[in-house]
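Commentary on secondary and tertiary structure
One letter stands for each residue in the lines below.
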Amino acid sequence: MSDDQSPPVSGPRDRREAVREKAQQVQARQSRVRLIRRISLGIGAVAVVAVAAVVVTWAFTSTASRPQLQPATVDDDGFVVTTVTGVSSVAEADATAPDAGTVPSTEPSAAPTTEPSPDPSASERPAVDIRVYVDYLSASSRDFQAANAQQLSKWVSQDVATLTYYPVAMLTSKSNGTKYSLRAASAAACVATHSPDAFFTFNNELLKKQPDVDSDGMSDSDLAALAVASGVKDPKTVRSCIEDESFASWAKNATDRALKSLPNTDGMSLQGTPTVLVNGTPYVGAPTDPKEFAQFVLTVASDAYYSTPTPTPGAASATPTATPTPSG
């Protein structure tokens, strides 16, 4: 009798069953891997969406909760000059420029001057309204201010003109992404709000130290330092306002409004800077010619004066009283 207990040799059918079973096992493992992968991807996608939603919600809430600050001293998006100082820091007096400090005589003269400077003691004459839209990255704005700062300051100090500056930001994209034009306009609003007596000087300094187009321009810290050097009364508050860009949104909105319509005009809109309005009439002469601008102011002021009748008392003499007028 044989003691051989070896298992019988598997037949083809058994081998096929073994292969099928193994294939099913492999397929099951692959299915589990795919399922796990899909679940992981799904969880990751949900997490990404959740994070994005949180970021968007935070940004919206942050923007919505941030107050849209309005400059305290603004008037139709402009700042009226109350104190005129620091003119010499912009440009030395032009030897050919008219001397706005000389008050012309009311008597006829053989050699008329070009001074639109009526006698400041003449209360009958309303002050000439001069409005200047300025972009602190505009070379023409800089040139106009440098040429006319001296006579503008004297007219204001003599109370024969009111001077209002409107900082706008038309050249925001011209500073390598730093938005210098917008930040400078915001800085001007900070000074006008917290230290209005220093606004004229700071306005001058911004234009005098104007950076080149397509450069970075001054940083917020540099703008704040320039404001402090201009003599602001509350340096800490002004510095914080400038470095926080507190009025950047206002400056952008003010620019948008000016591009649509200028206040107190017959449908005019801002086309470029500087835009200079004298009693609402745009000055289209050379920005660098103070004599031409002075003559324009003279003409507009005279036209406004003579087109407005002045009531006379019943006991007045039949002979009209000489009224001081800009000589030209």
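Summary of the structure given here. (Residues numbered from 1 in each chain as written. Predicted model: local features only at pLDDT ≥ 70, side-chain atom pairs only at ≥ 80, totals over all residues. Heavy atoms only, no water.)

Brief notes about the overall build of the chain
Looking only at helices and strands, one finds 8 helices and 5 strands in the chain. Taken from N to C terminus, the helices and strands of the chain fall in the order α-β-β-α-β-α-α-α-α-α-β-β-α. Within the chain, buried positions represent 36% of all 328 residues. The contacts of the chain with a sequence gap of at least 6 include a subset with a gap of at least 24, amounting to 75%. (Helix = DSSP H or I, 4+ residues; strand = E, 2+ residues; numbered from the N terminus. Buried < 20%, exposed > 50% of the residue type's maximum accessible area, 1.4 Å probe, protein only. Contact = heavy atoms within 4.5 Å.)

Thoughts on the nonpolar core
Of all hydrophobic cores here, the largest spans 57 residues; its most connected members are Ile130, Trp155, Leu163, Tyr165, Phe199, Leu206 and Phe293. Examining the composition of this core, we find that 10 residues originate from one element, helix α3 (residues 180–194), more than from any other. Setting aside its immediate chain neighbours within four residues, Ile130 contacts Leu152, Trp155, Ala161, Thr162, Leu163, Thr164, Val276, Leu277, Val278, Phe293 and Val297. Counting 7 residues, the second largest nonpolar core, distinct from the first, contains Tyr133, Tyr166, Leu270 and Leu277. (Core = buried A, V, L, I, M, F, W, Y, C linked by side-chain atoms within 4.5 Å.)

Points about the pattern of salt bridges
Tallied over the full model, the rule gives 8 salt bridges. Note that Lys233 is salt-bridged to Asp197, the shortest N-O span being 3.2 Å. One end of the pair, Lys233, is in the loop between α5 (220–229) and α6 (235–243); the other, Asp197, is in the loop between α3 and α4 (199–208), with 36 residues separating them in the sequence. Residue classification places Lys233 among the exposed residues on the basis of a relative accessible area of 65%. For Asp197, a relative accessible area of 33% translates into the label partly exposed. As a salt-bridge pair, Glu205 and Lys209 come within 2.5 Å of each other at their nearest N and O atoms. (Salt bridge = Lys/Arg side-chain N within 4 Å of Asp/Glu carboxyl O.)

Quick word on the state of the cysteines
The term disulfide refers to a covalent linkage connecting the sulfur atoms of a pair of cysteines. Enumeration over the complete set of coordinates arrives at 1 disulfide. Paired by a disulfide, Cys190 and Cys241 hold their sulfur atoms 2.0 Å apart. Taking the sign of the S-S torsion, -80° for the link of Cys190 and Cys241, the bridge is left-handed. Residue Cys190 is located in helix α3, and its partner Cys241 is located in helix α6; the two are separated by 51 residues in the primary sequence. (Disulfide = S-S within 2.5 Å.)

Some thoughts on the packing of aromatic side chains
Aromatic ring pairs: the centre-centre distance and the angle between the two ring planes describe each pair. Under the definition given, this model contains 9 aromatic pairs. Relative to Phe296, the ring of Tyr283 has its centre 5.3 Å away and its plane inclined at 50°; by these criteria the two rings are tilted. Here Phe296 lies in helix α8 (residues 290–306) and Tyr283 lies in the loop between β5 (281–282) and α8, a separation of 13 residues in the sequence. On the basis of relative accessibility, which here comes to 11%, the residue Tyr283 falls in the buried class. Taken together, the ring pairs connect Phe79, Tyr165, Phe199, Phe200 and Trp250 into an aromatic cluster. (Phe/Tyr/Trp six-rings, centres within 6.5 Å; stacked < 30°, edge-to-face > 60°.)

Let's talk about unusual backbone geometry
The step from Thr273 to Pro274 runs through a cis peptide bond, and the omega angle for that step is 0°. For Pro274, the position within the fold is in the loop between α7 (248–260) and β4 (275–278). A positive phi angle, close to 70°, is found at Asp77, a residue other than glycine. Looking at the element boundaries, Asp77 is found in the loop between α1 (12–65) and β1 (79–80).

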